[in-house]
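# Per-entry structural report
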Amino acid sequence: MRTVLNGPLPQEVEDLLARRRALGLDTYDEVWNGEYHMNPAPNRRHARIQARLIEVLSPLYRRAGLVPIAEFNVGESNNYRVPDGGALRAPGDDVFGTDAAIVIEVLSPDDESWQKFDHYEHSGVEEIFIVDPDEPSVRIFVRGESGFVEHERSELLDVSAAHLVAELGIDF
């Protein structure tokens, strides 16, 4: 379901957003060119896959000189997306940034992962991993001259999508 509110936000909506911030429920919310996207926390299967991805990919990130990271904000305060994980070029403690080398999106019902590609390209992301728990599959997209192109291997990590699926395990 999509709800669009044009004009000034009603006080009830402002109160809802403030309550979400106060309770820490806004972790996965995103702003797309000034448009607020309210996202729930992932289900447990999704969260298990995120945890397993961090476990499997962290040694590969470090070998490539990258910094592993869980959810984070890619972009600026008025235009950002929150991938399920990834790797940065350097450590830092900024709230928003455009220094992601890799972002990972784990597909869930009604998510907008496929619509984030242009934003990630504009933000300097080099590779996108799309994980589909229902397949199960990992698809790797490498930045090309005009957008992202699907590849069998990550150029940054020198690992194949098939290897990642095997490492994640049959129950993912």
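Notes on the structure in this doc start here.

### With respect to the pattern of salt bridges
- Evaluated as defined, the whole model comprises eight salt bridges.
- Of the charged contacts, one joins D29 and R20 as a salt bridge, the two residues approaching to 2.7 Å between their closest N and O atoms.
- Its salt-bridge partner being R45, residue D134 comes within 3.0 Å of it at the nearest N-O pair. Here R45 lies in helix 2 (residues 44–63) and D134 lies in the loop between strand 9 (127–132) and strand 10 (137–144), a separation of 89 residues in the sequence.
- The class for R45 is partly exposed, based on a relative accessible area of 31%.

### Focus: empty space enclosed by the protein
- For the structure on display, the rule yields one cavity of 30 Å³ or more.
- Estimates place the volume of the largest cavity at around 50 Å³.
- Surrounding the largest cavity, Q50, L53, I54, Y61, P68, I69, D84, G85, G86 and I104 form its lining.
- At the level of elements, helix 2, strand 3 (67–69) and strand 6 (85–88) are the ones that each hand at least two residues to the lining of the largest cavity.
- At four residues, the largest contribution of residues to the lining of the largest cavity is made by helix 2.
- Looking at the lining of the largest cavity residue by residue, the classes come out as six nonpolar, three polar and one charged.

### Brief notes about the sheet that holds strand 11 (residues 147–151)
- Across the sheet, six strands lie side by side as 3-6-8-9-10-11; this open sheet has mixed pairing. Of all strands in the sheet, those bounded by a partner on one side alone are strand 3 and strand 11. On average, adjacent strands in this sheet sit at an angle of 20° to one another, irrespective of strand direction.
- Across four bridges, strand 6 lies against strand 8 (residues 100–106) in antiparallel orientation. Across the sheet, the residue bridging to G86 is V103, located in strand 8.
- Packing against the sheet, helix 2 makes contact with strand 3, strand 6, strand 8 and strand 9, and its axis sits at approximately 155° to strand 8.

### Brief notes about the nonpolar core
- With 22 residues, the main nonpolar core has L57, I102, I104, L157 and L164 as its most contacted residues.
- Taken together, the elements giving at least two residues each to this core come down to helix 2, strand 8, strand 9, strand 10 and helix 4 (161–168).
- Here this core takes six residues from helix 2, the largest share from any one element.
- Setting aside anything within four residues of it in sequence, one finds L57 in contact with I104, F129, L157 and L164.
- If you look at the next biggest cluster of nonpolar residues, it comprises 13 residues, including F117, Y120, V125 and I130.

Conventions adopted
Residues numbered from 1 in each chain as written. Predicted model: local features only at pLDDT ≥ 70, side-chain atom pairs only at ≥ 80, totals over all residues. Heavy atoms only, no water. Salt bridge = Lys/Arg side-chain N within 4 Å of Asp/Glu carboxyl O. Helix = DSSP H or I, 4+ residues; strand = E, 2+ residues; numbered from the N terminus. Buried < 20%, exposed > 50% of the residue type's maximum accessible area, 1.4 Å probe, protein only. 1 Å grid on protein atoms, 1.4 Å probe; cavity = no way out; pocket = protein on both sides within 12 Å on 5 of 7 lines; lining within 4 Å. Points joined across faces, edges and corners; volume = space filled by probe spheres on them. Nonpolar A, V, L, I, M, F, W, Y, C, P; charged D, E, K, R; others polar. Pairing = 2+ DSSP bridges. Axes fitted to C-alpha atoms, helices over the stretch in contact; angles between N-to-C directions. Contact = heavy atoms within 4.5 Å. Core = buried A, V, L, I, M, F, W, Y, C linked by side-chain atoms within 4.5 Å.

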